[in-house]
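Coordinate inspection notes
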Amino acid sequence: MANVLIQFAHPVLSKSRVHKTLLNQCSNLTNVTINDLYERYPDLYIDIEREQRLLLKHDIIIFQHPFYWYSSPAIVKQWFDLVLEHNWAYGSKGNALVGKKMMSVISCGGSREAYSPEGSNRYTVNQFLAPFDQTATLCKMTYLPPFVIHRTHRLAQTQLDEYGQQYRTMLLALAGERMELPIFQGKDYMNDFIPTLDGQLN
Ligand SMILES: Cc1cc2nc3c(=O)[nH]c(=O)nc-3n(C[C@H](O)[C@H](O)[C@H](O)COP(=O)(O)O)c2cc1C
């Protein structure tokens, strides 16, 4: 079994539809830890030692948050700035995270079509996520394709529930080490193959 850490960031969870639904699906899963960053650090004073200890205990690190201004809510940036220290996470002596996996789970108001060279946002979601991808690479981790939910304001609760089920399926497969690297190759989003995941991997 792999240990999965969800680094969760939503500044107003009480008003969330998407992430509240996703969280409901992944609470109480074996080997999955949820670390709610805004709940724990409302003033953004991050406990670096605690966060580093958490990273060491887990194999797969997920950053789950709404897409804000083509990136993450502010606390995620603060977390990266403080926790990923030189010669701990990266640098010639920085090997604490070697071999771990990292991925993003995000929700966007914009449609998938809008996130394309022809669309209004001009770049793909994967292109916007380049800082996460490269940070993982710098820290000698493997960056997995993101799980992305689009057009959030148009989604009915039943559709959100389906994403919640997909998310749960993905987490169970990751924790059960039933998804290995070849399966990810050539995929933009994790979601693109999760509907058939149970069938493929059982
Ligand atoms: C401050 C702010 C910035 C946002 N920036 C973006 C953005 O850059 N791209 C996008 O597609 N949606 C953007 N949105 C829409 C949110 O991503 C969307 O409302 C959220 O994913 C819905 O999830 P929730 O129901 O859990 O809050 C933004 C929303 C807010 C409040």
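Described below are features of the structure shown in this document.

What counts, and where the lines are drawn
- Residues numbered from 1 in each chain as written.
- Predicted model: local features only at pLDDT ≥ 70, side-chain atom pairs only at ≥ 80, totals over all residues.
- Heavy atoms only, no water.
- Salt bridge = Lys/Arg side-chain N within 4 Å of Asp/Glu carboxyl O.
- Helix = DSSP H or I, 4+ residues; strand = E, 2+ residues; numbered from the N terminus.
- Buried < 20%, exposed > 50% of the residue type's maximum accessible area, 1.4 Å probe, protein only.
- Patch = residues over 30% accessible without salt bridge, like charges linked within 9 Å, V, L, I, M, F, W, Y side chains within 5 Å.
- Areas by Shrake-Rupley, 256 points an atom, 1.4 Å probe, with all protein chains shown as cover.
- Near = heavy atom within 4 Å.
- Polar contact = N/O pair within 3.5 Å; in protein donor to acceptor, adjacent residues only side chain to side chain.
- Nonpolar A, V, L, I, M, F, W, Y, C, P; charged D, E, K, R; others polar.
- Pairing = 2+ DSSP bridges.
- Right-handed = clockwise from strand over helix to strand, strands pointing away.

1. With respect to the pattern of salt bridges
- With the rule as written, the count across this model stands at three salt bridges.
- The partner of D81 in a salt bridge is K77, and the shortest N-O contact between them spans 2.9 Å. Placement of the pair is D81 and K77 together in helix 4 (residues 74-83), with a separation of four residues, close to one helical turn.
- Accessibility expressed as a relative area gives 48% for D81, which makes it partly exposed.
- With a closest N to O distance of 3.1 Å, D192 and R112 form a salt bridge.

2. Observations regarding a nonpolar patch on the surface
- Together, V12, Y68, W69 and Y70 line one region of the surface with nonpolar side chains, adding up to about 470 Å² of accessible area.
- On the secondary structure map, W69 appears in the loop between strand 3 (60-66) and helix 4.
- Residue classification places W69 among the exposed positions, given a relative accessible area of 80%.

3. Some details on the site of the ligand
- Looking at the ligand, there are 16 residues lining it, with H10, S16, Y70, S107 and Y115 nearest.
- Side-chain polar atom of H10 to an oxygen atom of the ligand: 2.7 Å apart, as the coordinates give it.
- Between the ligand and G110, the relevant distance is 3.0 Å, taken from an oxygen atom to a main-chain nitrogen or oxygen of the residue.
- A total of 640 Å² of accessible area belongs to the ligand in isolation, and the protein chains cover 71% of it.
- Within the shell around the ligand, the residues separate by chemical class into eight nonpolar, seven polar and one charged.

4. Some thoughts on the pairing of strand 3
- Judged by how many residues are buried, strand 3 sits mostly within the fold: seven of seven residues are covered.
- Residues of strand 3 alternate between two faces, with I60, I62, Q64 and P66 on one and I61, F63 and H65 on the opposite face, all of them buried.
- Both strand 1 (residues 4-8) and strand 3 contribute to a ladder of five bridges, which runs parallel. Paired with F8 across the two strands is Q64, which belongs to strand 3.
- Running through helix 4, the crossover from strand 3 to the neighbouring parallel element strand 4 (residues 101-107) is right-handed.

5. Comments concerning the side chain of Q7
- Structurally, Q7 can be placed in strand 1.
- A relative accessible area of 0% places Q7 in the buried class.
- A distance of 3.3 Å separates polar atoms of two side chains, one belonging to Q7 and the other to E51.

6. Focus: unusual backbone geometry
- Phi at N31 is positive, roughly 70 degrees, even though this residue is not glycine.
- Locating N31 in the fold gives a position in the loop between helix 1 (18-26) and strand 2 (32-36).
- The class for N31 is partly exposed, based on a relative accessible area of 25%.

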